[in-house]
Amino acid sequence: MKQLEKDGQRGFSLIEIVLAVALLVVISSAAVPLLLRFYQQAAVEYETEHLLADIRKAQSMSRTSAPALGMDHSGSDDRQGASLLIDRESYLVRVGNGQTDIKTRHYYLPSVRVAKEGQTSADGFIFFKDNGGLRDSGSMMTLVVFCEGHMGEGRRIMISRAGRIRIDRRSL
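Keep in mind that what you see is a predicted model, and the values were worked out from it rather than measured.

Undergrad: Give a detailed account of the overall build of the protein, specifying residues and quantitative values.
TA: The secondary structure content of the protein amounts to one helix and 11 strands. Mapped in sequence order, the helices and strands of the protein form the string β-β-α-β-β-β-β-β-β-β-β-β. Expressed as a percentage of the 172 residues in the protein, the buried residues total 38%. Long-range contacts, defined as pairs at least 24 residues apart, comprise 54% of the intrachain contacts of the protein with a sequence gap of at least 6.

Here it is as structure tokens:
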């Protein structure tokens, strides 16, 4: 690079600065989409694992807390035990007997969403029986974790009626 000297000062010419900025623009235009894709994949994987852990925790709590809460084995009282309410932008984990509930809410990372496929209760909660199976569900329930605009690259969490949980990491 040609350096100019005037009165003991050194500097770059305008053309050199414009070329350097143009080179940075070209490099960043290639890097930004790669970084965005990396963020989306990492965010979906993180939220999938977080949701899976909370589902398993709620399932385990319903197994251990149902007798302590006085829940009958018929599963007729929907307000007892552990449950999850899954929205597009957050989910709520609730444990209790209807009068004394403990609730925790988790908000997803920016642009991450969750869609439900399958049957939930009338108020939208996913309930577990005291044996860990899904209550009020006729079949398997699937939760799809994805980034907005990229649903095909999401992850599925599948919960069978008997309570078996697995993740499908293949593209949708």
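Undergrad: Lay out the environment of serine 139 with the relevant residues and their values.
TA: The residue serine 139 is located in the loop between β8 (134-135) and β9 (141-147) in this model. For serine 139 and serine 160, which are 21 residues apart along the polypeptide, the C-alpha to C-alpha distance reads 6.8 Å. Setting aside its immediate chain neighbours within four residues, serine 139 contacts Leu134 and Arg161.

Undergrad: Describe the sheet that holds strand β3 (residues 81-86), with residues and values.
TA: Across the sheet, which stays open at both edges, the five strands sit in the order β5-β4-β3-β7-β8 with antiparallel pairing between neighbours. One side of each edge strand has no neighbouring strand; the edge strands of this open sheet are β5 (101-107) and β8. Bridging between β3 and strand β7 (residues 125-128) involves three bridges; their strand directions are antiparallel. Bridging across to β7, leucine 85 finds its partner in phenylalanine 125.

What counts as what
- Residues numbered from 1 in each chain as written.
- Predicted model: local features only at pLDDT ≥ 70, side-chain atom pairs only at ≥ 80, totals over all residues.
- Heavy atoms only, no water.
- Helix = DSSP H or I, 4+ residues; strand = E, 2+ residues; numbered from the N terminus.
- Buried < 20%, exposed > 50% of the residue type's maximum accessible area, 1.4 Å probe, protein only.
- Contact = heavy atoms within 4.5 Å.
- Pairing = 2+ DSSP bridges.

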